[in-house]
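One-letter residues, chain by chain:
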Amino acid sequence: MLRFAEYDKKQTNMKLFNVYPLFDITPVKAQDVYVYDENNIKYLDLYGGHAVISIGHSHPEYVKNISEQVSKLGFYSNSIQNPLQKELADKLGKLSGCEDYQLFLCNSGAEANENALKLASFHTDKRKVIAFKNSFHGRTSAAVAATDNPKIVAPLNAQQEVEFMELGDLEGVKSVLERGDVCAVIIETIQGIGGLDEVTTGFYQGVNKLCKHYDALLIADEIQCGFGRTADFFAFQKHGVTPDIISMAKGMGNGFPIGGILIHPDIKSSFGLLGTTFGGNHLACAASITVLDVLKKENLMQHAKEVSNYLIKKAQEIPQIKIIKGRGLMLGLEFDFPITDLRKSLIQNQHIFTGSAKNPNLLRILPPLTIQKEHVDVFFDALKQELN
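Residues numbered from 1 in each chain as written. Predicted model: local features only at pLDDT ≥ 70, side-chain atom pairs only at ≥ 80, totals over all residues. Heavy atoms only, no water.

The subject of this paragraph is unusual backbone geometry. Among all residues except glycine, the phi angle is most often negative; among peptide bonds, the trans geometry is most common. If you check the backbone angles, Leu196 has positive phi at about 70° while not being a glycine. Assignment of secondary structure puts Leu196 in the loop between strand S7 (182-188) and helix H8 (201-213). Its identity is not glycine, yet Lys250 carries a phi of approximately 35°, on the positive side. With respect to the helices and strands, Lys250 occurs in the loop between strand S9 (245-248) and strand S10 (259-263). (Helix = DSSP H or I, 4+ residues; strand = E, 2+ residues; numbered from the N terminus.)

Below, the structure written as structure tokens:
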């Protein structure tokens, strides 16, 4: 057996598990809609780290509140009173218009959907899930099973019973629900990585009615499209439906890990039904409360609508853009060619972050909600240069 000193000499540095294809950029600071790398090169952030940055990088109120909270109490578990959770629930209910729902807090979007699906199964005593083609709901057990990407579904996950339907196929959804074994229908109001396709009002309302008739829960996955990103607090609200469970994350914490589900009052709680160690900790609550305060104070949902209208108008002037998808500041610009090289050139030549999607021709635009029209002009000037 090697002595520690001998063992230490034989060791190499620990390596990261290599699962992320990375751009050769190292951000070291950020402010509002800009990210700065180690060489002090400034990048316009039109991606927000997967739609996470809602109120802008390093918002002064956000920095102040988190700093003050961590100096007092950063964490204790859910075995004690945490008034910040109650403050978050109160402000979230008022701003979202979902005051009659109940809040359960966790740490991420995948965890939110995992708890939503588990709760649906508990409530209905059923196990099958209906999801939709091109969906993405997370990478954990049931959430990844409900994600339409076989490459990330392990044999362990594949044991879950999930049926994938075409988005918009109401008759198909009905035919599966009629069998009586479905606990939940989970749906992204606007698909994220799948390519910004959105359900119609008629389809969403039809699914809502079918779920009620066949005793299945409707789960609105608002992980990416919620928290003001579409200029409504939740994207589903445009469609006049009442989900049983609403899942949230990403923009909820402006970069601090937090997720949650809103639970309809018809669903009853009991001690131990759901649980988490870190979920709803003091720092996470301080982050999310600040997001809600800034959304309201700076009128960012209305602002998102105005900037979105301006961005769409500018996009319509670009002949290479064939389709504009999405709503608010969750937009997709679809070209008639793959955008891989265009996205790279926007980063390398123009210093602008954008996003890709499962649709290879789609450029995703998911900026902080604080973006201004002048930043939109910068983007389209750069886009024209690269296209020409």
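There's plenty left to go through after this.
The end-to-end C-alpha distance of helix H9 (residues 282-297), which contains 16 residues, comes to 22 Å, matching closely the 22 Å that a straight helix rising 1.5 Å per residue would cover. Most of H9 sits out of view: 13 of its 16 residues are buried. With a side-chain oxygen lying 3.1 Å from the backbone nitrogen of Leu283, the N-terminal cap of H9 falls on Asn281. Phi turns positive, to about 50°, at Asn299, one or two residues after H9. (Expected span 1.5 Å × (residues − 1). Buried < 20%, exposed > 50% of the residue type's maximum accessible area, 1.4 Å probe, protein only. Polar contact = N/O pair within 3.5 Å; in protein donor to acceptor, adjacent residues only side chain to side chain.)

Turning to the packing of helix H4 (residues 83-96) against H9, a few remarks are in order. Their axes nearest at 9 Å, the elements H4 and H9 cross at an angle of 25°. In terms of axis orientation, H4 runs roughly parallel to H9. Of the two possible hands of crossing, H4 and H9 adopt the one that is left-handed. Here H4 contributes Leu84, Gln85, Glu87, Leu88, Lys91, Leu92 and Leu95 to the contact with H9, which in turn contributes His282, Cys285, Ser288, Ile289, Leu292, Asp293, Leu295 and Lys296. Considered class by class, the residues forming the contact of H4 with H9 number eight nonpolar, three polar and four charged. (Axes fitted to C-alpha atoms, helices over the stretch in contact; angles between N-to-C directions. Parallel < 35°, antiparallel > 145°, perpendicular 65-115°, else oblique. Left-handed = near helix turned anticlockwise from the far one by under 90°. Contact = heavy atoms within 4.5 Å. Nonpolar A, V, L, I, M, F, W, Y, C, P; charged D, E, K, R; others polar.)

To continue, consider the packing of aromatic side chains. A complete count under the given rule lists eight aromatic pairs for this structure. Summarising the aromatic geometry, the rings of Phe335 and Phe337 are spaced 5.2 Å apart at their centres and angled 45° between planes, so their arrangement reads as tilted. Accessibility expressed as a relative area gives 2% for Phe335, which makes it buried. Phe337 sits in the partly exposed class, given a relative accessible area of 26%. Site record: aromatic cluster; members linked through ring pairs are Phe227, Phe233, Phe234 and Phe236. (Phe/Tyr/Trp six-rings, centres within 6.5 Å; stacked < 30°, edge-to-face > 60°.)

Moving on: the sheet that holds strand S4 (residues 102-106). Spatial ordering of the open sheet is given by S4-S10-S9-S8-S7-S5-S6, a layout of seven strands whose pairing is mixed. Taken across any chain shown, the strands that pair with only one partner, and hence form the sheet edges, are S4 and strand S6 (162-165). Between one strand and the next, the sheet's axes are offset by a mean angle of 20°, whatever the strand orientation. Bridging between strand S5 (residues 128-132) and S6 involves four bridges; their strand directions are parallel. Bridge pairing links Ile130 to Glu163 in S6. This element, helix H7 (residues 170-177), spans S5, S6 and S7 of the sheet and lies at about 170° to S5. (Pairing = 2+ DSSP bridges.)

This part is about the sheet that holds strand S2 (residues 34-37). With mixed pairing, the four strands of this open sheet are ordered in space as S1-S2-S3-S13. Of all the strands in the sheet, just strand S1 (27-31) and strand S13 (352-353) have a single pairing partner and so form its edges. The pairing of S2 with strand S3 (residues 42-45) spans three bridges and is classified as antiparallel. Bridge pairing in S3 places Tyr34 opposite Leu44.

Quick look at helix H5 (residues 109-124) now. With 16 residues, H5 should cover 22 Å at 1.5 Å per step; its first-to-last C-alpha distance of 23 Å lies within 8% of that length. Within the sequence span of H5, burial applies to Gly109, Ala110, Ala112, Asn113, Asn115, Ala116, Leu117, Leu119, Ala120 and Thr124. If you check the start of H5, you find a side-chain oxygen 3.2 Å away from the backbone N of Glu111, and it comes from Ser108. Asp125 lies just past H5 and shows a positive phi near 60°.

Here we take up the pattern of salt bridges. Summed over the entire model, instances satisfying the criterion amount to 17 salt bridges. Here Asp90 makes a salt bridge to Lys94, at a shortest N to O gap of 2.7 Å. Residue Asp90 and its partner Lys94 are located together in helix H4, separated by four residues, close to a single helical turn. The exposure class of Asp90 is partly exposed, given its relative accessible area of 40%. For the salt bridge of Lys128 with Glu163, the shortest nitrogen-to-oxygen distance reads 3.3 Å. Residue Lys128 is located in strand S5, and its partner Glu163 is located in strand S6; the two are separated by 35 residues in the primary sequence. Here the residues in one salt-bridge network are Lys128, Glu163, Arg179 and Asp181, joined through shared partners. (Salt bridge = Lys/Arg side-chain N within 4 Å of Asp/Glu carboxyl O.)

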